[in-house]
Amino acid sequence: MRLHRDIFTEPSDVDPDTLANLGPLRPLAGVWQADKGIDVNPKADGPQTKPFIEHIRMDPIDPQTNGPQLFYGMRYHIHINTPGEAITFHDQTGYWLWEPATGLILQTLAIPRGQSLLAAGRADADARSFSVSARRGDPTYGITSTEFLDRNFRTESYRIEITCHDDDSWSYLTATELIVEGKPFDHHDSNRLRRTGAPAPNPLLLARKPVS
Ligand code: HEM
C-alpha cells in the first residue's frame, strides 16, 4: 500500500455526484426486496435451514475523504423476517464504500447480537461481481464480538460474494465461519434481490441542485 506523504490535504476537485462514482457498487443502489432467501444457522439439535423475506435500502452518502483518500459509498439497512412471523429474524446495518483510485471495496457490518466487522476486497469500476472478507484477529479487516458470542459462537471469518445480473437484480452468498462447541459451523445465507425503488441522490448533490 502506497503511504501518503501528505496525510491531511484532501482532494480538491471532488465530484459531488455519488451515484456517478460508485463503480462496481452502482447496481446495488436503491431499494430491494426478495422472498426466497435461504439461511442455515446453528441450533442445539443441528443446522436449521429456513427460508426468509428480505428488505434492503442502499442510500448514497456524500463523498468521504480521509485526507487524500476518497471513498464513494452508500449507507445500507437490511431487515429480514421469516414467512408468517412478524418478529425480526435478522437485522443489519453499515456502509458499502469504493475507492476509485485503488479499487478497494469496504463493507462495514453491525448486527444487534453485539457483533461488528470491516470486510475488504478489490474490484474495477465495471466489475459485475466482487467479494469482500474479514477475519477475526485481523487489526484492519477484522471481526469483533461480545464475550458470550466469542466464547460460544466464535466468528472466525466472514465472506460475501455479490453478483449483478442483467435484469437489474443482484444476488449474494455469505459464508460466516463459526466455531460452535469446538466444531466449525458454516453459517451461510443467500438471496436474489429485485428492485422496488430507485436510489435518491446524495445530500450534497441535492443541496447543489437548483430549485426549479
Ligand atoms: C441473511 C443473513 C443472516 C440471517 C438470516 C441470520 C440468521 C441467524 C439465525 C436465525 C441464527 C440462529 C440464532 C437465532 O435464532 O437467533 C443466527 C445465529 C448467528 N448468526 Fe446469523 N444470520 C445472518 C447473517 C449473519 C452474519 C453476517 C453474521 C456475522 C458476521 C452472523 C452471526 C451469527 C452468529 C454469531 C450466530 C450465533 C448466535 C446464536 O445462535 O445465538 N449472522 N443467525
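Quick note: structure is the one above.
Reading guide: rules and limits
Residues numbered from 1 in each chain as written. Predicted model: local features only at pLDDT ≥ 70, side-chain atom pairs only at ≥ 80, totals over all residues. Heavy atoms only, no water. Phe/Tyr/Trp six-rings, centres within 6.5 Å; stacked < 30°, edge-to-face > 60°. Buried < 20%, exposed > 50% of the residue type's maximum accessible area, 1.4 Å probe, protein only. Salt bridge = Lys/Arg side-chain N within 4 Å of Asp/Glu carboxyl O. Donors = N, O, S within 2.8 Å, 3.2 Å for Na, K, Ca; no water. Helix = DSSP H or I, 4+ residues; strand = E, 2+ residues; numbered from the N terminus. Near = heavy atom within 4 Å. Polar contact = N/O pair within 3.5 Å; in protein donor to acceptor, adjacent residues only side chain to side chain. Contact = heavy atoms within 4.5 Å. Pairing = 2+ DSSP bridges.

Give me the lowdown on the packing of aromatic side chains, citing residues and values where you can.
Per the stated rule, a full pass over the model turns up five aromatic pairs. The interplanar angle of 45° and the centroid separation of 6.1 Å between the aromatic rings of phenylalanine 148 and phenylalanine 153 together place this pair among those described as tilted. Centroid distance tryptophan 170 to tyrosine 172: 6.3 Å. Interplanar angle 45°. Geometry classified as tilted. The same class applies to tryptophan 170 and to tyrosine 172, which are both buried. One aromatic cluster in this structure is built from Trp32, Trp170 and Tyr172.

Go over the pattern of salt bridges, please, and point to the residues and values.
Overall, the coordinates contain 10 salt bridges when judged by the stated rule. Lysine 36 is the salt-bridge partner of aspartate 35, the closest N and O atoms lying 3.7 Å from each other. What emerges from the salt-bridge pattern is a single network uniting Asp167, Arg192 and Arg194.

An account of the coordination of the iron atom of the ligand is needed here, citing residue identities and associated values.
From the protein, the iron atom of the ligand takes a single donor atom, His187 (NE2), 2.1 Å away. Mapped onto the secondary structure, histidine 187 falls in strand S12 (residues 183–197).

Tell me about the site of the ligand, residues and numbers included.
Taken together, the neighbourhood of the ligand is formed by 21 residues, with Lys43, Phe89, His90, Arg113 and His187 sitting nearest. Taking histidine 90, its side chain carries an N or O atom lying 3.4 Å from a nitrogen atom of the ligand. Between the ligand and histidine 187, the relevant distance is 2.9 Å, taken from a nitrogen atom to a side-chain nitrogen or oxygen of the residue. Elements that contribute at least two residues to the shell around the ligand include exactly strand S1 (30–43), strand S6 (104–111), strand S7 (115–122), strand S10 (153–164), strand S11 (169–180) and S12.

Talk me through the side chain of glutamate 156; I want residue IDs and the actual numbers.
Within the secondary structure, glutamate 156 is located in strand S10. At 2.5 Å, the side chain of glutamate 156 forms a polar contact with the side chain of arginine 154.

Could you give me a rundown of the environment of serine 129, with the residues and numbers involved?
Within the element layout of this structure, serine 129 appears in strand S8 (residues 129–135). Ignoring sequence-local partners within four residues, the contact set of serine 129 consists of Ile162 and Thr163.

Got a sec to walk through unusual backbone geometry? Specific residues and values, please.
Phi at aspartate 168 is positive, roughly 60°, even though this residue is not glycine. Here aspartate 168 is to be found in the loop between S10 and S11. With phi around 50°, glutamate 181 is a residue other than glycine that occupies positive phi space. On the secondary structure map, glutamate 181 appears in the loop between S11 and S12. Among the residues examined, glutamate 181 registers a relative accessible area of 70% and is labelled exposed.

A description of the pairing of S7 should follow, citing residues and the corresponding values.
As paired strands, S6 and S7 are joined by eight bridges and run antiparallel to one another. What sits directly across from leucine 106, in S7, is alanine 120. Summarising the sheet, S7 and strand S9 (residues 143–145) pair through three bridges and their orientation is antiparallel. When the sheet's bridge partners are listed, glutamine 115 is paired in S9 with serine 145.

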